[in-house]
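Now for the letters of each chain:
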Amino acid sequence: VTRAVYRDTSSGISPVVGWLVCVEGPDKGRDFRIHGEKNFIGRSPAMDIALTGDESVSRDKHASVAYDPKHRVFWILPGEAAGLVYLNEQMVNTPMKLTSRDIVEVGKSKLMFWPLCDDTFHWD
């Protein structure tokens, strides 16, 4: 299921800046759009990246992915919930930079990161 996410911007739409693709886990094969600023990951359909099929993912704010449009950099951040998040098998305790094809692990799900915006393309 694809769902539109609207943020407060002049056009009313926050364009996609990258994707997470589930490569392992209950949602295998699904893709999730990443928009500018913070994108919260959780099991709840209210989350920006909703891993609704993975019961081992915290309902709200298990982790977040942020895109910094000023520096054109992506970050993975630990969430506010009890669940842990891993980046390439390393536990995320503080914000860590994401690069193309990195693997983010939350619950039983592994998500591959695919950036759209970088030094060669951006929405400015």
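Computed from a predicted structure; not experimentally measured.

Rules and cut-offs
Residues numbered from 1 in each chain as written. Predicted model: local features only at pLDDT ≥ 70, side-chain atom pairs only at ≥ 80, totals over all residues. Heavy atoms only, no water. Salt bridge = Lys/Arg side-chain N within 4 Å of Asp/Glu carboxyl O. Buried < 20%, exposed > 50% of the residue type's maximum accessible area, 1.4 Å probe, protein only. Helix = DSSP H or I, 4+ residues; strand = E, 2+ residues; numbered from the N terminus. Pairing = 2+ DSSP bridges. Phe/Tyr/Trp six-rings, centres within 6.5 Å; stacked < 30°, edge-to-face > 60°. Lys NZ or Arg CZ within 6 Å of the ring centre and 35° of its normal. Contact = heavy atoms within 4.5 Å. Core = buried A, V, L, I, M, F, W, Y, C linked by side-chain atoms within 4.5 Å.

Caption draft 1: Broad picture of the pattern of salt bridges. Under the criterion given, the structure shown has four salt bridges. The shortest N-O distance in the salt bridge between D27 and R30 comes to 3.4 Å. What makes R30 partly exposed here is its relative accessible area of 24%. Across the pair E89 and K110 runs a salt bridge whose closest N-O atoms are separated by 3.8 Å. In this pair, E89 is assigned in the loop between β7 (85–87) and β8 (90–91) and K110 in strand β11 (residues 109–115), connecting sequence segments 21 residues apart. On the basis of relative accessible area, E89 is assigned to the exposed category, the value being 62%.

Caption draft 2: Representation of the pairing of strand β6 (residues 73–78) in the model. Where strand β5 (residues 63–68) meets β6, six bridges bridge the pair, whose relative direction is antiparallel. For A63, the partnering residue across the bridge sits in β6 and is P78. What sits between β5 and β6 in their antiparallel hairpin is a turn of four residues, with R72 showing a positive phi close to 55°. As judged from the three bridges shared by β6 and strand β9 (residues 96–98), these two strands associate in the antiparallel manner. Paired with I76 across the strands is M96, a residue of β9.

Caption draft 3: Focus on the packing of aromatic side chains. Tallied over the full model, the rule gives three aromatic pairs. Consider the rings of Y67 and F74, whose centres lie 4.6 Å apart with planes at 40°: the pair is tilted. Under the relative-accessibility criterion, Y67 is labelled buried at 5%. Between F121 and W123 the ring centres are 5.0 Å apart and the planes differ by 80°, which places this aromatic pair in the edge-to-face class. Aromatic rings pair up to connect Y67, F74 and F113 into one cluster. The ring of F40 has K61 lying over it, and the distance from NZ or CZ to the ring centre is 4.8 Å.

Caption draft 4: Spatial organisation of the environment of G42. With respect to the helices and strands, G42 occurs in strand β3 (residues 37–42). Taking C-alpha positions, G42 is 14 Å from Y86, a pair spaced 44 residues apart along the chain. What G42 contacts, discounting residues up to four positions off in sequence, is M47, I49, A50, L51, V57, S58, R59 and H62.

Caption draft 5: Geometry of the sheet that holds strand β2 (residues 31–35). The antiparallel open sheet is built from six strands, whose spatial order is β2-β1-β11-β10-β7-β8. Edge strands, defined here as strands with exactly one partner in the open sheet, are β2 and β8. As defined by bridge partners, β7 adjoins β8 across two bridges and the pair is classed as antiparallel. From the neighbouring strand, Y86 faces β8, where its bridge partner is M91.

Caption draft 6: Region of interest: the nonpolar core. With 24 residues, the main nonpolar core has L20, I41, I76 and V106 as its most contacted residues. Of all elements in the fold, only β1 (16–24), β2, β5, β6, β7, β9, β10 (103–106) and β11 reach the threshold of two or more residues within this core. Those residues in contact with L20, other than ones at most four positions away along the chain, are R30, D31, F32, I34, I41, I49, V65, L111, M112 and F113.

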